Amino acid sequence: RDEGEAWLSCRSPGKPTVYGSVTRRGLSTEGLPDITASEGFVVGEVTKKSIVISCPHENVSTKFLAPYTTFSRIHQKSITCLDISSGGGLGVSTSTDGTMKIWQAANGEIRRLLEGHVYDVNCCRFFPSGLVVLSGGMDAQLKIWSAEDASCVVTFKGHKGGILDTAIVDRGRNVLSCSRDGTARLWDCGKSACLGVIGDCGSPVNGIAVGPADNSLNLGTPEEPPSEREVGTEGKILLLAREDKKLQGVGLQSRQPVFLFDGSDAFNCCTFLSSTYILAGTQDGNIYQLDVRNTTAPIQVVHRSGAPVLSLLPYRDGFIASQGN
């Protein structure tokens, strides 16, 4: 707003924080907000959707973006998880208000309410088809839903604790889940049966990711031939982001450990950048980039703030990270 003010701070590790503010002073001749910064900060390019601000003393620059659009009517409380269908048409989200909803990504219009979990739903994601949703809850149940009529098609039972994350193998004939009970499990959607326990860590598994493994990696050999119900598990590695400060890699088909990396705090999330490079985020704000072929030392550790890293997503040549601040 005109004469409105926003606080700024620039924090570099090991240095005192630089504080300041930006103020709007009416409109420029082009109809854009005329924004000035206090001492120590410089305002760069301003558009209707973004402001570039630099702190010359620290030699850093940041682009602040306004939201493209905001949907404020889908949930009443905090949103805990969301996903967008592969075609981009639908969104699914869960909230601490106890609901899971499917909505149109273009306008936020609610299409379906998915009811059936007892207690909170922790995670939700679309299958590659965009017509089916996978969810996991505090009730230790994993459910598959039809996005078309909101019916629950399959319920998987077997975990002894709340489900914290899920993953889908290839087109989705098999799915994966991890839980507070310290295990990750592989499930067969067609027969709604557990095909195996992939990891048993003795510590909650907060996040998982599945991806193709680099050809040079030894994924181990299964102790017994895999079931014919297992589809697309060969040549894949499963990442486990564990509460006990460990990031583990397991051969999905062999169930054999591939690597174990010790981090600075509990791991909350993990993802693949490629078949060689992976990312994982911790509770104390570190993002580790690792090479799966040699995990003795990270390629880089990104630390922007001490706030927990809550989710990671590959994007173009880099990645997007969300933090608890």
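Residues numbered from 1 in each chain as written. Predicted model: local features only at pLDDT ≥ 70, side-chain atom pairs only at ≥ 80, totals over all residues. Heavy atoms only, no water.

## Some points on the overall build of the protein chain
Tallying secondary structure elements over the protein chain gives zero helices and 28 strands in all. Along the three orthogonal principal directions, the C-alpha set of the protein chain runs to about 70 × 50 × 30 Å. The proportion of buried residues among the 325 residues of the protein chain is 43%. Once local pairs closer than 6 in sequence are excluded, the contacts in the protein chain between residues at least 24 apart make up 37%. Of the accessible surface of the protein chain, which amounts to about 17,000 Å², a share of 48% is contributed by carbon and sulfur atoms. Of the side chains in the protein chain, 31 bear a positive and 34 a negative charge, and the two mean positions are spaced by 4 Å. (Helix = DSSP H or I, 4+ residues; strand = E, 2+ residues; numbered from the N terminus. Buried < 20%, exposed > 50% of the residue type's maximum accessible area, 1.4 Å probe, protein only. Contact = heavy atoms within 4.5 Å. Areas by Shrake-Rupley, 256 points an atom, 1.4 Å probe, with all protein chains shown as cover. Lys, Arg positive; Asp, Glu negative; His and termini not counted. Charge placed at Lys NZ, Arg CZ, Asp CG, Glu CD.)

## Focus: the sheet that holds strand β10 (residues 110-113)
Strand order in the open sheet formed by four strands is β7-β8-β9-β10, with antiparallel pairing between adjacent strands. Taken across any chain shown, the strands that pair with only one partner, and hence form the sheet edges, are β7 (79-84) and β10. With direction set aside, neighbouring strand axes in the sheet form an average angle of 20 degrees. Across five bridges, the pairing between β7 and strand β8 (residues 90-95) is antiparallel. Note on β8: the bridge partner recorded for Leu 82 is Ser 93. (Pairing = 2+ DSSP bridges. Axes fitted to C-alpha atoms, helices over the stretch in contact; angles between N-to-C directions.)

## Concerning the nonpolar core
Residues Val 92, Leu 114, Phe 156 and Val 175 are the most contacted members of the largest nonpolar core, which totals 25 residues. Going through the elements one at a time, β8, β9 (100-104), β11 (121-126), β12 (132-137), β13 (142-146), β14 (152-156) and β15 (163-169) are the ones with two or more residues in this core. Per element, the largest residue contribution to this core is four residues, and it comes from β11. In contact with Val 175, not counting residues within four places along its chain, are Phe 127, Leu 134, Leu 142, Phe 156, Ala 167, Ile 168, Arg 185, Leu 186, Trp 187 and Cys 189. Grouped together as the second largest cluster of nonpolar side chains are 18 residues, Leu 217, Leu 219, Phe 259 and Phe 267 included. (Core = buried A, V, L, I, M, F, W, Y, C linked by side-chain atoms within 4.5 Å.)

## Brief notes about the domain arrangement of the protein chain
Each assigned domain of the protein chain is listed here: domain 1 (4-67) and domain 2 (76-323). Spacing between the C-alpha centres of domain 1 and domain 2 amounts to 37 Å. (Domains from an automatic or database assignment.)

## Some points on the environment of Ala 280
Topologically, Ala 280 is positioned in strand β24 (residues 277-282). For Ala 280 and Val 301, which are 21 residues apart along the polypeptide, the C-alpha to C-alpha distance reads 9.7 Å.

## A short note on the packing of aromatic side chains
Centre-to-centre distance and the angle between the planes together describe a pair of aromatic rings. Counted by the stated rule, this structure contains five aromatic pairs. A ring pair is formed by Phe 261 and Tyr 288, whose centres lie 5.2 Å apart and whose planes are at 70 degrees; its orientation type is edge-to-face. Remark: Tyr 288 occurs in strand β25 (residues 286-291) and Phe 261 occurs in strand β22 (residues 257-262); sequence separation between them is 27 residues. Accessibility classification places Phe 261 together with Tyr 288 in one group, the buried group. Linked through ring pairs, Phe 261, Phe 267 and Tyr 288 together constitute an aromatic cluster. (Phe/Tyr/Trp six-rings, centres within 6.5 Å; stacked < 30°, edge-to-face > 60°.)

## So, the pairing of strand β28 (residues 318-323)
The pairing of strand β27 (residues 309-315) with β28 spans six bridges and is antiparallel. In the sheet register, Tyr 315 faces β28, and the bridge partner there is Gly 318. Linking β27 to β28, which pair antiparallel, is a turn of two residues; within it Arg 316 sits at a positive phi near 50 degrees.

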